[in-house]
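# A closer look at the structure
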Amino acid sequence: DNLEEIIFNPGINLLFNKFTGKPGIVVSTGPSLNKNKHLLKGLEDKAVIVAADASLKILLEMGVKPHLVVALERTLGILKLLNGIKTEDVQDVYFAACPVINPKVYEAFSAPRLIVFRNFDHFKWLGVDRGILDIKLSAGNMAFKVLEALGCNPIILIGQDLAFSRDGYTHASGATLGEKQTFFYDRGTLEVKGNDGKSILTSKVWYNFLKAYEMDIAGYNGTCINSTEGGAYIQGTQVMSFQEAINKYIQESFYPLTHIKKFLGTFTLGEVEKDRLRITKLISITITDVEKIIVLCRQGLEACQKNRDRLDAILNNQYRLEEMHKILPNIE
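The following refers to the structure shown. As the structure is a prediction and not an experimental result, all values here were calculated from the model.

### Some words on the pattern of salt bridges
Under the definition given, this model contains eleven salt bridges. In this structure, Lys261 engages Asp92 in a salt bridge whose closest nitrogen and oxygen atoms are separated by 3.0 Å. Of the two residues, Lys261 is situated in helix H11 (residues 256–264) and Asp92 in the loop between helix H4 (77–82) and strand S4 (94–97); the sequence distance between them amounts to 169 residues. Asp92 sits in the partly exposed class, given a relative accessible area of 24%. The shortest N-O distance in the salt bridge between Arg278 and Asp275 comes to 2.8 Å. In this pair, Arg278 and Asp275 both sit in helix H12 (residues 269–306), three residues apart, roughly one turn of the helix. Asp275 sits in the buried class, given a relative accessible area of 4%.

As structure tokens, then:
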């Protein structure tokens, strides 16, 4: 259903390593985002900002446009996160979604597209290079992997709590689905180490996200700063306030949006036509192959049905196994 989106839009591969050594910021929607989101204002030219889908409205309402917003969920719940956003508000915000999302989300969200494949075999099978990332469980994690692919260093996390706040909140103020979402309590809870060194309560859902994050950071060659200023400790990160991280790492302007537009501008209509023809041929061949398989499966089922009594007898040890060899030519 998303083939046209894949064919007619550029991929994340056009941005691979284009921002080597430049700072990147992951904006997630944990309750600690309330503490430091205001510091994002004015950083748009000095860092590549990638927001999880649930964070976008919060940022737009305070006048901050991330360069990319990521999404990976197949459910229509994403619609609630992105619906109602005006086209003019996201003209310069690239929707870096994995095209497993529901097509209705693409239809409803008018931001420019950037295709990001997860490491799934069906994307490899398409034979269309848009860039494959080894994304794990969450949109926040996807944002981290995108910045890693762009070559960003350091990568700074804010709002990546992966835990309940001390007063029981699950999300930042203004979160579309609410600030106290019972879903995360209902899935079970446990205590983990917090960024302040004390124990903090997390959900079993977030705990899986936490472990996935730790695996990714272990394989990341740069520095990951956790400036969430609350939440669960992510092993492998350096804990630092967002203001300190800004003072240390985010000082020089390099105008990410200008460069993103330039690099994605190399995506040509000639490439689109080439990919369209390849996919059209591949789909046609595949449909023919699958139809043949369906016919053969039906023939096999009919043959098994004709020989059912004898097969049942073999399964019930009424016949010796040699009898199977007499039946096999009829089934094969």
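The discussion continues.
### What to know about helix H13 (residues 308–315)
What H13 keeps buried is the set Leu311, Ala313 and Ile314. Looking straight down H13, one finds its buried side chains confined to an arc of 160°; they lie on one side. In H13, the exposed positions angled more than 90 degrees off the buried face are occupied by Asp309 and Leu315. Asn317, located one to two residues past H13, shows a positive phi value of around 65°.

### Structural notes on the nonpolar core
Grouped together as the largest cluster of nonpolar side chains are 78 residues, with contacts concentrated most on Phe95, Phe109 and Phe144. Here the element with the most residues in this core is helix H7 (residues 139–150); it accounts for eight residues. Discounting residues that sit within four places of it in the chain, Phe144 has contacts with Val26, Ile155, Leu157, Tyr213, Asp216, Ile217, Tyr220 and Cys224. Listed in part, the 22 residues of the second largest apolar core include Leu40, Leu43, Ile49 and Ile246.

Scoring rules and cut-offs
Residues numbered from 1 in each chain as written. Predicted model: local features only at pLDDT ≥ 70, side-chain atom pairs only at ≥ 80, totals over all residues. Heavy atoms only, no water. Salt bridge = Lys/Arg side-chain N within 4 Å of Asp/Glu carboxyl O. Helix = DSSP H or I, 4+ residues; strand = E, 2+ residues; numbered from the N terminus. Buried < 20%, exposed > 50% of the residue type's maximum accessible area, 1.4 Å probe, protein only. Arc of directions from axis to C-beta. Core = buried A, V, L, I, M, F, W, Y, C linked by side-chain atoms within 4.5 Å. Contact = heavy atoms within 4.5 Å.

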